[in-house]
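The primary structure of each chain is shown beneath.
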Amino acid sequence: MKEETPEKKSRFKSILIDGTKYKTNLTRKFENRISYVEPNADALTSFIPGNILKVNVKSGQKVKKGDTAIVFEAMKMKNRITFHRNGVVKTVSVKEGDIVAKGMVLVEMESLKKTNQ
Amino acid sequence: MPLKRKIQELQKRREEVLAGGGEKAIEKQLAMGKLTARERIISLVDKNSFSEYDLFVAHEARDFDMDKKTLHGDGVIIGTGTMHGRPVAIFAQDFTVAGGSLGLMHSRKITKIMDYALKMRMPLIGINDSGGARIQEGVNSLAGYGEIFFRNTLSSGVIPQISVILGPCAGGAVYSPALTDFVFVVDKISKMFITGPEVIKTVLGEEISMEDLGGARIHSEITGNAHFFAKSEIESFDQIKKLLSFIPWSNAEAPTPIKSKEPKKEYKIDQIVPGDPKLPYDVRDVIKSLVDDSDFFEIQEGWAANMVIGFGRLGGKTVGFVCNQPLVLAGVLDVDSSDKAARFIRYCDAFNIPIITLVDLPGYLPGVDQEHAGVIRHGAKVLYAYSEATVAKITLIMRKAYGGGYIAMSSRHLRADFVFAWPAAEIAVMGPEGAANIIFRKEISEAEDSEKMRRQKVKEYKEKFANPYVAASRGYIDAVIEPKESRSLLLHAINVAENKSIGGPKKKHGIPPF
């Protein structure tokens, strides 16, 4: 019994709302939450886990909006991952045959202006 | 006092109120790229059709020096006008008057126009631009919100309710739009959240901008709270006008038909869907090749894009489309897309709009995050909504219809009225690869060349089941048709089902998996 008490106490976290301190338990989901990161507009990521079937671009290649960067098989479909704006490919982090997890950065690009300067 | 002077006094009083929050506040409003509340109403309704009520309503708050403050119209404009020549009820919060804050009389004005709308069976359009509750009025302003939410719920499914977020809409205030049928947002102007960035920072130490927390883009792409995204207020008003051209004025009517027009020739229905079931295509092209004038009005375009929903017309009559989108996430059903489809199906059912379902999906999305996010409970919403709907339900299976996805997407078993399939349809418990691996596990593992055996068995399974004829032989499909026959058959089906009338067991209401 004696051992349990300090352990139980330490589970409570206090948070401050409008000048009042509240003691509370935090759920596991809350504690493991990923804090907000601004989405990186220069990265093309995998939206579900899948296989890389085809890589259409090389680093340094100029690309136009709508061009297909990668053909990616997931859920019985050859999904096309396309560029959402014009630019230059900076890095390609996958090769054909790779199996990727969700949210992996596949291709990074940069805008044309940056490279011209 | 002679009558003339009395009229002059009325004019003077009117002018005072019509000045809103005064020049300075109006300038500030315009500098933010926003229109004033009155300008918004005028741009929305038919020309010269708006009549305003409760112009002289004043608050009765006494505390915190409120008795010395005159708030013109108490910060909200209410009235009726016409759109497409038919009556609509409108309220617009006026941010120039005390930040559009909601006090008791402010809320009474809103509930009055809500009552009119429900009683007279016309759409209600609410323009939200408010700093939130008027803190000086305490619990009275909370009472006001509650009265509004109650009426939103009462009117739900009886009259169309439309919310336009043209400014901040924070705290409790967000729940009125959330209870309405359609929410319109405008880039860089709309902001919706329960707790703002300041509170989040003090309580949790997380920093985020207002735009990233609850801006128009976030709500149209991530949360799904908004249904229509526009770049400007005027564009948003055009979207509202277009929406109202598709829907009926109440649940007692059907949408007003217009003259039928053939789809545009550039959409060739037999060339859109690739033969290889692994190749994606844009299902919106299929819809455009079916509907009148190729005019498809998409709802929630940016959110859960693996499901496409929206309105179109067939033979001049409004129909609702619920379609898998193979272009995004292979068109799977997941938590968000199930939610999106289910709510729209219920909308169509409530407002007598026939539902056309275009099917091409590999099933529900597997994965830990989906399971833990409750794909069971959310996926069940689709089954519930389709089963419950009593409007005409017409299903067209274009290609893949596997497993639970086949059942969920308005199958015969959920009492679809007509189920058609194209010759490329594959109706099976699962994809051929997966199925062959399970059924012929022994043969494959024991074979000398197991890869060759596997390919052969997959082919065998494909030939047997990856077609529409097994389902057709059981009568689960009414007809296997060529793609180019689709439009005329759908038109025919809509007309045949026009007087559909079915009943179910008596109940107060069901318990959908909310």
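Residues numbered from 1 in each chain as written. Chains lettered and ligands numbered in written order. Predicted model: local features only at pLDDT ≥ 70, side-chain atom pairs only at ≥ 80, totals over all residues. Heavy atoms only, no water.

Looking only at helices and strands, one finds 20 helices and 17 strands in chain B. Taking the principal axes of the C-alpha coordinates as reference, chain B spans close to 105 × 55 × 45 Å. Burial statistics for chain B: of 514 residues in total, 52% are counted as buried. By sequence separation, contacts in chain B at least 24 residues apart represent 73% of the contacts at least 6 residues apart. Here chain B has roughly 23,800 Å² of accessible surface; of this, 55% comes from carbon and sulfur atoms. Within chain B, the 64 negative side-chain charges are centred at a point lying 4 Å from the centre of the 66 positive side-chain charges. (Helix = DSSP H or I, 4+ residues; strand = E, 2+ residues; numbered from the N terminus. Buried < 20%, exposed > 50% of the residue type's maximum accessible area, 1.4 Å probe, protein only. Contact = heavy atoms within 4.5 Å. Areas by Shrake-Rupley, 256 points an atom, 1.4 Å probe, with all protein chains shown as cover. Lys, Arg positive; Asp, Glu negative; His and termini not counted. Charge placed at Lys NZ, Arg CZ, Asp CG, Glu CD.)

The helix and strand tally for chain A stands at three helices and 10 strands. Secondary structure elements of chain A occur, N-terminal to C-terminal, as α-β-β-α-β-β-β-β-β-β-β-β-α. Across the 117 residues in chain A, those meeting the buried criterion constitute 26%. Residue pairs at least 24 apart in sequence account for 53% of intrachain contacts in chain A once pairs closer than 6 positions are excluded. Only carbon and sulfur atoms are counted for the fraction: they give 52% of the accessible area of chain A, which is about 8,600 Å².

This next bit is on the packing of helix 4 (residues 104–119) of chain B against helix 5 (residues 139–155) of chain B. Residues and elements named next belong to chain B. Running from N to C, helix 4 and helix 5 point in directions that differ by 10°, and their axes come no closer than 8 Å. Relative to helix 5, the element helix 4 is oriented roughly parallel. Together, Leu 104, Ser 107, Ile 110, Thr 111, Met 114, Asp 115 and Leu 118 of helix 4 and Asn 140, Gly 144, Glu 147, Ile 148, Arg 151, Asn 152, Leu 154 and Ser 155 of helix 5 make up the contact between the two elements. Class assignment of the residues belonging to the contact of helix 4 with helix 5 gives a composition of six nonpolar, six polar and three charged. (Axes fitted to C-alpha atoms, helices over the stretch in contact; angles between N-to-C directions. Parallel < 35°, antiparallel > 145°, perpendicular 65-115°, else oblique. Nonpolar A, V, L, I, M, F, W, Y, C, P; charged D, E, K, R; others polar.)

On to the environment of Val17(B), then. Residue and element names in this part refer to chain B. As for its position among the elements, Val 17 is in helix 1 (residues 3–18). Val 17 gets classed as buried once you look at its relative accessible area, which sits at 11%. Expressed as a C-alpha distance, the spacing of Val 17 and Asp 74, which sit 57 residues apart in the sequence, is 9.6 Å. Excluding its chain neighbours within four sequence positions, the residues that come into contact with Val 17 are Arg 38, Leu 55, Phe 56, His 72 and Gly 73.

The next subject is the packing of aromatic side chains. Residue and element names in this part refer to chain B. For the structure shown, the criterion picks out 16 aromatic pairs over all chains. Pairing Phe 182 with Phe 228 gives two aromatic rings, centres 6.1 Å apart and planes at 55°, and the pair type is tilted. Here Phe 182 is found in strand 7 (residues 182–186), whereas its partner Phe 228 is found in strand 9 (residues 228–230), with 46 residues between them in sequence. Of the two residues, Phe 182 and Phe 228, both sit in the buried class. Ring geometry for Tyr 461 and Phe 465: centres 5.1 Å apart, planes at 50°, overall tilted. A residue pair is termed a helical-turn pair when its members lie 3 or 4 positions apart in one helix, as Tyr 461 and Phe 465 do in helix 18 (residues 450–465) at four residues. The exposure class assigned to Tyr 461 is buried, which follows from its relative accessible area of 9%. The class for Phe 465 is partly exposed, based on a relative accessible area of 30%. (Phe/Tyr/Trp six-rings, centres within 6.5 Å; stacked < 30°, edge-to-face > 60°.)

Contact with chain B, which involves 25 residues of that partner, is made by 19 residues of chain A. For the interface between chain B and chain A, the tally reads three salt bridges. Across the salt bridge formed by Lys102(A) and Asp369(B), the nearest N and O atoms sit 2.8 Å from each other. Run the count over chain B and chain A and you get five residue pairs in polar contact (both at pLDDT 80 or more). (Salt bridge = Lys/Arg side-chain N within 4 Å of Asp/Glu carboxyl O. Polar contact = N/O pair within 3.5 Å; in protein donor to acceptor, adjacent residues only side chain to side chain.)

Quick look at a nonpolar patch on the surface now. There is a patch of nonpolar side chains on the surface, built from Val429(B), Met430(B), Ile438(B) and Ile439(B) and spanning about 380 Å² of accessible area. By the secondary structure assignment, Ile438(B) is in helix 16 (residues 432–439). (Patch = residues over 30% accessible without salt bridge, like charges linked within 9 Å, V, L, I, M, F, W, Y side chains within 5 Å.)

Here we take up the pairing of strand 15 (residues 418–421) of chain B. Residues and elements named next belong to chain B. Sheet topology note: the strand 14 (residues 393–402)/strand 15 ladder contains four bridges and is parallel. Directly across from Ile 394, in strand 15, lies its bridge partner Phe 418. Following the chain from strand 14 across helix 15 (residues 403–408) to the adjacent parallel strand 15, one finds a crossover that is right-handed. (Pairing = 2+ DSSP bridges. Right-handed = clockwise from strand over helix to strand, strands pointing away.)

The next thing to look at is the sheet that holds strand 5 (residues 161–165) of chain B. Residue and element names in this part refer to chain B. Here seven strands make up an open sheet; going across it, the order is 1-2-3-4-5-7-9 and the pairing mixed. A single partner strand is all that each edge strand has here, and the edge strands are strand 1 (51–53) and strand 9. Shown here is a sheet whose adjacent strand axes are inclined to one another by a mean of 20°, direction ignored. Where strand 2 (residues 76–83) and strand 3 (residues 86–93) come together, eight bridges link them in antiparallel fashion. Paired with Met 83 across the bridge in strand 3 is Arg 86.

All names here are of chain B. Ranked by internal contacts, the top residues of the largest apolar core, which has 89 residues, are Ile 125, Ile 240, Leu 243, Leu 244, Phe 311, Val 322 and Ile 397. Ranked by residue count, the leading element in this core is helix 12 (residues 335–350), at six residues. In contact with Ile 125, other than residues within four places in its own chain, are Leu 44, Met 83, Ala 89, Ile 90, Phe 91, Ile 162, Val 164, Ile 240 and Leu 244. Grouped together as the second largest cluster of nonpolar side chains are 26 residues, Ile 287, Val 291, Val 319 and Ala 493 included. (Core = buried A, V, L, I, M, F, W, Y, C linked by side-chain atoms within 4.5 Å.)

Okay, unusual backbone geometry next. The backbone phi angle of His84(B) is positive, close to 50°, even though this residue is not glycine. Residue position: His84(B) is located in the loop between strand 2 and strand 3.

Another point: the confidence of the model for chain B. Residues of chain B with pLDDT of at least 70 account for 100%, and the chain-wide mean is 94. Across the assembled chains, the prediction reports ipTM 0.73 with pTM 0.91. (pLDDT = per-residue confidence, 0-100.)

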